[in-house]
Amino acid sequence: MQAWKEYQEKNKDRFLDELLELLRIPSVSAKSEHKADMIRCAEAFKQRLLEAGADKVEIYPTAGHPIVYGEKIVDPSKPTVLVYGHYDVQPPEPLELWKSGPFEPVIVDGKIFARGSCDDKGQVYMHVKALETLVKTNTLGSNIKFCIEGEEEVGSPNLGKFVTEHKELLKADCILISDSAMISLDTPSLDTGLRGLSYIEVEVTGPNRDLHSGVYGGAVANPITILAKMIASLHDENNHITIPGFYDDVLVATPEERALMAQAPFDEEAYKQDLGVKELWGEKGFTTNERTGIRPTLELNGIWGGYTGEGAKTVLPSKAFAKISARLVPNQQSDKITEKLIKHLESIAPPYVTVKAALHHGGEPYVTPIDSKAYRAAAKAIEATFGKQPIPVRGGGSIPICALFEKELGIKIVLMGFGLDSDNLHSPNEKFDLANYYKGIETIPYFHQYFASL
Ligand code: BES
Ligand code: MN
Ligand code: MN
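These lines cover the structure that appears in this document, whether it is placed above or below.

Conventions and cut-offs
Residues numbered from 1 in each chain as written. Chains lettered and ligands numbered in written order. Predicted model: local features only at pLDDT ≥ 70, side-chain atom pairs only at ≥ 80, totals over all residues. Heavy atoms only, no water. Donors = N, O, S within 2.8 Å, 3.2 Å for Na, K, Ca; no water. Tetrahedral: all angles 85-135°; square planar, octahedral: opposite > 155°, others 65-115°. Helix = DSSP H or I, 4+ residues; strand = E, 2+ residues; numbered from the N terminus. Buried < 20%, exposed > 50% of the residue type's maximum accessible area, 1.4 Å probe, protein only. 1 Å grid on protein atoms, 1.4 Å probe; cavity = no way out; pocket = protein on both sides within 12 Å on 5 of 7 lines; lining within 4 Å. Points joined across faces, edges and corners; volume = space filled by probe spheres on them. Nonpolar A, V, L, I, M, F, W, Y, C, P; charged D, E, K, R; others polar. Phe/Tyr/Trp six-rings, centres within 6.5 Å; stacked < 30°, edge-to-face > 60°. Lys NZ or Arg CZ within 6 Å of the ring centre and 35° of its normal. Near = heavy atom within 4 Å. Polar contact = N/O pair within 3.5 Å; in protein donor to acceptor, adjacent residues only side chain to side chain. Areas by Shrake-Rupley, 256 points an atom, 1.4 Å probe, with all protein chains shown as cover. Domains from an automatic or database assignment.

**Brief notes about the coordination of the manganese ion (ligand 3)**
The coordination sphere of the manganese ion (ligand 3) contains the protein donors Asp119 (OD), Glu153 (OE), Glu153 (OE) and His426 (NE2), at a distance range of 2.0 to 2.6 Å. Considering all six donor atoms around the manganese ion (ligand 3), the spread of angles at the metal, 55 to 155°, places the coordination shape in the irregular class. Written as a sequence motif, the donor arrangement for the manganese ion (ligand 3) is D-x33-E-x272-H. In this structure, the manganese ion (ligand 3) is positioned 3.6 Å from the manganese ion (ligand 2), and both are ligated by Asp119. Taken together, the positions of Asp119 in the loop between strand S5 (111–113) and helix H3 (121–136) and Glu153 in the loop between strand S6 (143–149) and helix H4 (159–165) put the pair 34 residues apart, joining distant regions of the chain. For Glu153, a relative accessible area of 12% puts it in the buried group.

The structure is reproduced here in structure tokens:
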């Protein structure tokens, strides 16, 4: 629509400056030292929503970080879209690998570099600017609600309770989330699913204290060696996961679904080159997109123990640790997999050590139908601004609240992400292309218009 385009063109630079301001707030949910920054970030979003034209914005405290709720109700009899996103970010470490400060955003080659630029402050802010566009051009014909949380990156431990207790407040006809990626600006896509998660930490204890590795080495099992062996045994020679019953509930994709997936363009050489690997790795019998989309996986997220400081120390450590997570697909259940994973680790522990394992957090997998009104509105909106139909693809990441949203609110979710897989989410030098940011702001108003009229 011409009025939207003109308004956005005129305010382009301000839209960017405002985002950069938000990116300067180190809203790291995992670290208690950032508690005040989290509150500051929630308040900044509240202020921005009000300025954009929301008529009510409230900050709801939780046992953890606060939730920002906002709404613009033009007519209660008209459809309502609930926009969900998160203002928290992952820790930026290792800092020495960043080319510029994670919370000092810079624009290089048309890309915004900062922690949270893509995941998810930049993408949430597109929705705030889309609201502003609709309000200031007097073209908003339906209702928009916002639920922006501060704990997505730590597994949304308090959002479930908030949703259950505020069903009326969050009542809507669909949920719109921009917290995922598309194939590229030339090849737009929409995620039709996300994987679930089961995240644990394991502690392996050998001797009751750190020992001199010369005096005791050779006579006492080293917990790091034992842990490494246990971990190495979790995949077999075909890279299948060896945990008994792990695949029991996996919904196997039909040959038709797999054929459809294979139609999405994928340049394996460019993929390898971008990642700096000579060969790809994964479960035998599946393509790369299947491995990251429709198959469950098991990853080591961290492993430590013994001496890791400067220089060398001849020590036989008492303990070794690892953080391990599984990505889940329909119809696996997070708590069942967590139990299987912990039981298995305990069962393969040799008598030289004791193993303790505990849950960090989990989340259920989610799939969306492509014939829902929300999906069709998103596809039509993308077609209006990209000139192409989006390709349906499965996202590999997780948004733990999705399954609960659908269960509690009884409505469908549409995952209209504008990032790229190569945006370095959770990595050093996270980025978000300006072109994607502006394209998102341009596309979202169409979604609201189409959703209200389909
Ligand atoms: N935005 C991501 C999820 C995502 C990324 C979906 C890319 C699709 C494509 C989200 O912020 C995220 O990182 N989630 C965590 C969940 C966890 C910390 C509970 C994840 O997937 O690891
Ligand atoms: Mn995210
Ligand atoms: Mn994330």
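**Side note on empty space enclosed by the protein**
Per the stated rule, a full pass over the model turns up one cavity of 30 Å³ or more. Estimated volume of the largest cavity: approximately 30 Å³. Here the residues of the lining of the largest cavity sort into four nonpolar, no polar and one charged.

**Some details on the packing of aromatic side chains**
Applying the stated criterion to the full structure yields 14 aromatic pairs. Both rings, one in Phe266 and one in Tyr271, keep their centres 5.0 Å apart while their planes meet at 65°; by these two values the pair is edge-to-face. By relative accessible area, Tyr271 is classed as partly exposed at 29%. Here Tyr446 and Tyr450 contribute two aromatic rings whose centre-to-centre distance is 6.0 Å and whose plane-to-plane angle is 35°, an arrangement assigned as tilted. Of the two residues, Tyr446 and Tyr450 both sit in helix H12 (residues 434–453), four residues apart, roughly one turn of that helix. Like Tyr446, the residue Tyr450 is buried in the burial classification. Over the face of the ring belonging to Tyr438 we find Lys12, whose NZ or CZ atom lies 5.0 Å from the ring centre. Just above the ring of Phe451 sits the side chain of Lys373; from NZ or CZ to the centre is 4.8 Å.

**Quick word on the site of ligand 1**
In the neighbourhood of ligand 1, 16 residues make up the surrounding shell, with Glu152, Asp179, Arg327, Ser398 and His426 lying closest. Between an oxygen atom of ligand 1 and a side-chain N or O atom of Glu152, the distance comes to 2.7 Å. Within the side chain of Arg327, an N or O atom sits 2.7 Å from an oxygen atom of ligand 1. In isolation ligand 1 exposes 520 Å². Once the protein is present, 91% of that is buried. No fewer than three residues from each of domain 1 (2–194 + 366–453) and domain 2 (196–250 + 296–363) sit in the shell around ligand 1.

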